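Here's the letter readout for the chains.
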Amino acid sequence: MDFGSSTRTSSSSGGGEDSSSESLTDILQRVYKDSTMFAAKCKKPDKKEFLMTVRMISIGFAIMGFMGLLAKLFFIPINAMIT
């Protein structure tokens, strides 16, 4: 993606709406071109990569659940002492 080419200088031709509609058209064409190039480079994960992702997400859920359980078990006696 070439961000340097997106810098434009405004011309003093007095075109008004024509120049803005042309620039909008250019922008939309560039977005379409970049989007199609991005979609062409994307690939579907193979089975090994998918299983690794599922495993990592499952481990993250388990860790976060365990931390929540510890926090709950820690604060139950504290709340009981306060009230």
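Quick note: structure is the one above.
Residues numbered from 1 in each chain as written. Predicted model: local features only at pLDDT ≥ 70, side-chain atom pairs only at ≥ 80, totals over all residues. Heavy atoms only, no water.

Enquirer: Any chance you could explain the overall build of the protein here in plain terms?
Expert: Secondary structure summary: the protein contains two helices and zero strands in total. Of all 83 residues assigned to the protein, the portion counted as buried reaches 0%. Roughly 7,900 Å² of accessible area belongs to the protein as shown, and the carbon and sulfur atoms make up 68% of that amount. (Helix = DSSP H or I, 4+ residues; strand = E, 2+ residues; numbered from the N terminus. Buried < 20%, exposed > 50% of the residue type's maximum accessible area, 1.4 Å probe, protein only. Areas by Shrake-Rupley, 256 points an atom, 1.4 Å probe, with all protein chains shown as cover.)

Enquirer: Please explain the packing of aromatic side chains as it appears in this structure.
Expert: Two aromatic rings are characterised by how far apart their centres lie and by the angle between their planes. Enumeration over the complete set of coordinates arrives at one aromatic pair. Taken together, a centroid distance of 5.1 Å and an interplanar angle of 80° make the contact between Phe-74 and Phe-75 edge-to-face. Residue classification places Phe-75 among the partly exposed positions, given a relative accessible area of 44%. (Phe/Tyr/Trp six-rings, centres within 6.5 Å; stacked < 30°, edge-to-face > 60°.)

Enquirer: What should I look at first to understand the pattern of salt bridges in this one?
Expert: Note on pairing: side chains with opposite charge can pair once their charged atoms come close. A full pass over the atoms with the stated rule returns one salt bridge. Of the charged contacts, one joins Glu-49 and Lys-43 as a salt bridge, the two residues approaching to 3.2 Å between their closest N and O atoms. Looking at Lys-43, the relative accessible area reads 63%, which means it is exposed. (Salt bridge = Lys/Arg side-chain N within 4 Å of Asp/Glu carboxyl O.)

Enquirer: What should I look at first to understand a nonpolar patch on the surface in this one?
Expert: Where nonpolar side chains cluster on the molecular surface, the patch consists of Met-52, Met-56, Ile-59, Ile-63, Met-64 and Met-67 and spans about 620 Å² of accessible area. Considering the arrangement of structural elements, one finds Met-52 in helix 2 (residues 47-82). Look at Met-52 and you get partly exposed, because its relative accessible area is 45%. (Patch = residues over 30% accessible without salt bridge, like charges linked within 9 Å, V, L, I, M, F, W, Y side chains within 5 Å.)

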